[in-house]
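Tertiary structure, described
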Amino acid sequence: MHTYNKNTPIVVLTGAGISAESGLATFRDNDGLWENHRMEDVATPEAYARDPEMVHRFYNHRRQQLTEVQPNSAHVCLAKYMNNLPNSWLITQNVDDLHQRAGSERLLHMHGSLTLQRCTACDQVGAVAADLRTDSLCETCQSVGSVRPHIVWFGEMPLYMEQIYQLLEQCELFLSIGTSGAVYPAAGFAQIAAAAGAHTVELNLVPSDVSFAFAESHYGKATEIVPAYFKKLVAFTD
Ligand code: APR
């Protein structure tokens, strides 16, 4: 086990697998979201232009589910340990609000968030107050029908990328939790961190598509392997 100190720069990346045991479907597992919806129909700018009602229905339903689930012990563990490591950052591909609700600080939602909306007329980002519809009003510029989910769709640029690349270049430990490594740029983060000298660890149910890029790996359920890993990590942090 490498030894770290409280100020070691650490980057943690999470994917849908960390929220699976809270009851939220992942994308590519059996009965996942992409088994029941074509991503081309609900998660691209073209889909939104073609059928905004269908896209709003897809995200309104996923947003509604947030009221029915809770953060699990993996979310809580990350918040507890990382909030006491002042140079640690949590980057999530997830658009659920479970990391916030677990209390995580220094959190970057690189694919946006179900709880946020953006006006395509004035670019104002704000909290979603009710189901989004094609006649939703932007409170800022009073446009009607210009409010979309603040979610990064396929073909759009993920958020915070400049800050994320800086964090990857400076980190000494990079952990990836609950992601299949199927979607870039997140799937390339381990290689960037390793090239910058970081120790890289994959925590997942099964080896991801980029498991080759990790120096260390632990496989199992997030609620089991994440607390186990952080208990060991803290024991080696002076
Ligand atoms: N504990 C740990 N890992 C798990 C668990 C669990 N209980 N359940 C599933 N997993 C793992 C799966 O083995 C899989 O490798 O989580 C991963 C989920 O992979 P995906 O469904 O592909 O989700 P993700 O990696 O987050 O997808 C990345 O793709 O569709 C886009 O924008 C979307 O952010 C998403 C991105």
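Counting from 1, residues in each chain are numbered in the order their sequence is written. Where totals are concerned, whole chains, interfaces and linings use all residues; where local detail is concerned, this predicted model gives features only for residues with pLDDT of at least 70, and gives and counts side-chain atom pairs only at 80 or more. Based on all heavy atoms of the structure, the side-chain values leave hydrogens and waters out of the count.

Examining the pairing of strand β2 (residues 88-92)
The criterion, for reference: Residue burial is assigned from relative accessible area. The probe radius is 1.4 Å, only protein chains are included, and a residue is buried under 20% of its type maximum, exposed over 50%, and partly exposed in between. For the purposes of this entry, the term helix denotes a DSSP run of H or I that reaches at least four residues, the term strand denotes a run of E that reaches at least two, and both are numbered from the N terminus. Strand pairing is assigned whenever DSSP identifies at least 2 bridges connecting the two strands.
Burial of β2 is extensive: four of the five residues sit out of reach of the surface. Note: strand β1 (residues 10-14) against β2, five bridges, orientation parallel. Within the sheet, the bridge partner assigned to V12 lies in β2 and is L90. Looking at chain direction, β2 and strand β3 (residues 107-109) are connected through three bridges and run parallel.

Topic: the sheet that holds strand β9 (residues 216-219)
Heads up, the rule is: Axes here refer to lines fitted to C-alpha atoms; in helices the fit is confined to the stretch in contact. Angles between the N-to-C directions go from 0 to 180 degrees. Contacts: residue pairs with any heavy atoms within 4.5 Å of one another.
Taken in spatial order, the six strands of this open sheet run β3-β2-β1-β7-β8-β9, and their pairing is parallel. Both outer strands of the open sheet, β3 and β9, are each paired with one neighbouring strand and no more. For this sheet the average axis-to-axis angle between neighbouring strands, irrespective of direction, equals 15 degrees. Relative to β9, strand β8 (residues 199-204) runs parallel, the two being bridged by four bridges. From the neighbouring strand, V201 faces β9, where its bridge partner is E216. The strands touched by helix α9 (residues 222-235) are β1, β7 (173-177), β8 and β9; relative to β9, the strand with the most contacts, the crossing angle is about 140 degrees.

Thoughts on the pattern of salt bridges
Defined as follows: In what follows, salt bridge is the name for a side-chain nitrogen of Lys or Arg lying within 4 Å of a carboxyl oxygen of Asp or Glu.
On inspection of all chains with the given rule, the structure shows eight salt bridges. One salt bridge in this structure joins R106 and E105, with 3.9 Å as the shortest N-O distance. Looking at E105, the relative accessible area reads 44%, which means it is partly exposed. For D135, the salt bridge identified is with R133, shortest N-O distance 2.7 Å. Since its relative accessible area comes to 48%, R133 is described here as partly exposed. The network of salt bridges with shared partners includes R38, E40, D41 and R50.

What about the environment of S73?
Relative to the elements of secondary structure, S73 occurs in helix α5 (residues 73-82). Residues S73 and F212, 139 residues apart in the sequence, show an inter-C-alpha distance of 27 Å. Sequence-distant contacts of S73, defined by excluding residues within four places in its chain, comprise T223 and P227.

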